[in-house]
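# Coordinate analysis (summary)
Residues per chain, in single letters:
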Amino acid sequence: PLAFILTGIPGVAVSSPWAAVPLCCLYLLMLLGNCCLLWAVRAEHALHTPMYQLLSLLALADLGLSLCTLPTVLAVFCVPATALPFRACLAQMYFIHTFSAIESGVLVAMAFDRFVAVCHPLRYGSVLSGSLVARAGALIVLRGACMVLPVAALMARMPFCGARVLSHSFCLHQDMLRLACGDVRPSSWYGLSAVVLTKGLDSLAILLSYVLILRAVLGTISPGARAKAFSTCVCHLCAVLLFYIPLISLSVIHRFGKHLPPLAPTLLADAYLLVPPVLNPLVYSWKTKPIRRRILLLLC
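What you are looking at is a predicted structure, and each value in this text was computed from that prediction instead of being measured.

Assigned secondary structure in the chain consists of 12 helices and 2 strands. In sequence order, the chain lays out its α and β elements as β-α-α-α-β-α-α-α-α-α-α-α-α-α. Its C-alpha atoms give the chain principal-axis dimensions of roughly 65 × 45 × 35 Å. The 300 residues of the chain split such that 44% are buried. Carbon together with sulfur atoms contributes 74% to the accessible area of the chain, which is approximately 14,700 Å² in total. The positive charge centre, built from 21 side chains, and the negative charge centre, built from 8, are 6 Å apart in the chain.

What follows deals with the UniProt feature "transmembrane region" (unreviewed entry) in the chain. If you check UniProt for "transmembrane region" (unreviewed entry), the listed places come out as residues 20–42, 54–82, 94–112, 132–156, 203–221, 233–257 and 263–284 in our numbering. For residues 263–284, the helix share is 100%, the strand share is 0%, and the end-to-end C-alpha distance is 31 Å.

Another aspect to go through is the nonpolar core. Grouped together as the largest cluster of nonpolar side chains are 82 residues, with contacts concentrated most on Leu107 and Met176. Here this core gets 15 residues from one element, more than from any other, and that element is helix α4 (residues 86–119). Those residues within four positions of leucine 107 in sequence are excluded, and the remaining contacts are Leu58, Ile206, His236, Ala239, Val240, Phe243 and Tyr244.

Time to look at the packing of aromatic side chains. Within the structure shown, the criterion is met by 8 aromatic pairs. Ring centres of phenylalanine 4 and phenylalanine 86 lie 6.0 Å apart, and the angle between their planes is 40 degrees; on these two criteria the pair is classed as tilted. Taken together, the positions of phenylalanine 4 in strand β1 (residues 3–5) and phenylalanine 86 in helix α4 put the pair 82 residues apart, joining distant regions of the chain. A residue is classified by how much of its surface remains accessible, and phenylalanine 86, at 12% relative accessible area, is buried. Both rings, one in tyrosine 94 and one in phenylalanine 95, keep their centres 5.4 Å apart while their planes meet at 70 degrees; by these two values the pair is edge-to-face. Under the relative-accessibility criterion, phenylalanine 95 is labelled partly exposed at 40%. Members of the aromatic cluster, connected to one another through ring pairs, are Phe4, Phe86 and Phe160.

Rules used throughout
Residues numbered from 1 in each chain as written. Predicted model: local features only at pLDDT ≥ 70, side-chain atom pairs only at ≥ 80, totals over all residues. Heavy atoms only, no water. Helix = DSSP H or I, 4+ residues; strand = E, 2+ residues; numbered from the N terminus. Buried < 20%, exposed > 50% of the residue type's maximum accessible area, 1.4 Å probe, protein only. Areas by Shrake-Rupley, 256 points an atom, 1.4 Å probe, with all protein chains shown as cover. Lys, Arg positive; Asp, Glu negative; His and termini not counted. Charge placed at Lys NZ, Arg CZ, Asp CG, Glu CD. UniProt positions renumbered as here; feature names shortened; annotations may be inferred. Core = buried A, V, L, I, M, F, W, Y, C linked by side-chain atoms within 4.5 Å. Contact = heavy atoms within 4.5 Å. Phe/Tyr/Trp six-rings, centres within 6.5 Å; stacked < 30°, edge-to-face > 60°.

Shown next, in the form of structure tokens:
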């Protein structure tokens, strides 16, 4: 049966369970942080606002993105020559890219939320109603699921021959496409188009939102008002940078970095899937007093 061999970090013993200890700690921190964040938003009445509803959706996307890689990442360091059946690899690839597209869409919605809060604060409640946030969340999830579905369908028909060793401990579209021996142009061009239409347009929308926010803030005379406006955007800016920097770097390396050592794409892929889910709850807990207070009460 068609299967793919997963690889770990180059230079690290594959079959050593001790190599999985740092990864286990990161996954536990991710689970604890995002679950505490979801509980704090649910329990604190003051956080029942569009901004924190979108934050809850971001935490759910982070959980989905990390949990769909957890079994294979830990298995690689505990079982030598871990093989993943083709259908399981295809399903994992689909969910990784779907949750990634959902997270990108949530970041756009949060950028629009910050734009309305800073530039039109008096209309915030009327523009961003609960029903609008619910519809936007459903649309974001539907867009991610439908955009990635043709990628999985095209990959399911692809023939594979020769060595079937992946570059990571999970399945990514670019990595699987590299091992195909048929005509990969339709899948490659659609995958590139899907990335441009989701993450490319999303990043431009976020950039436009912050250009408008910056123009509105710089037009404010009071330095105190400027500092307060900027402080409301710090957490979202950190989440955007944590998500897009590893993602863009990984895409560039997969397409143009064939001469780089294998360690570079491996570390970037791990950072892309683990760093945002681990650090996002820490950033929002540090900057938001009600979330910090609720989490401290839960832990104590």
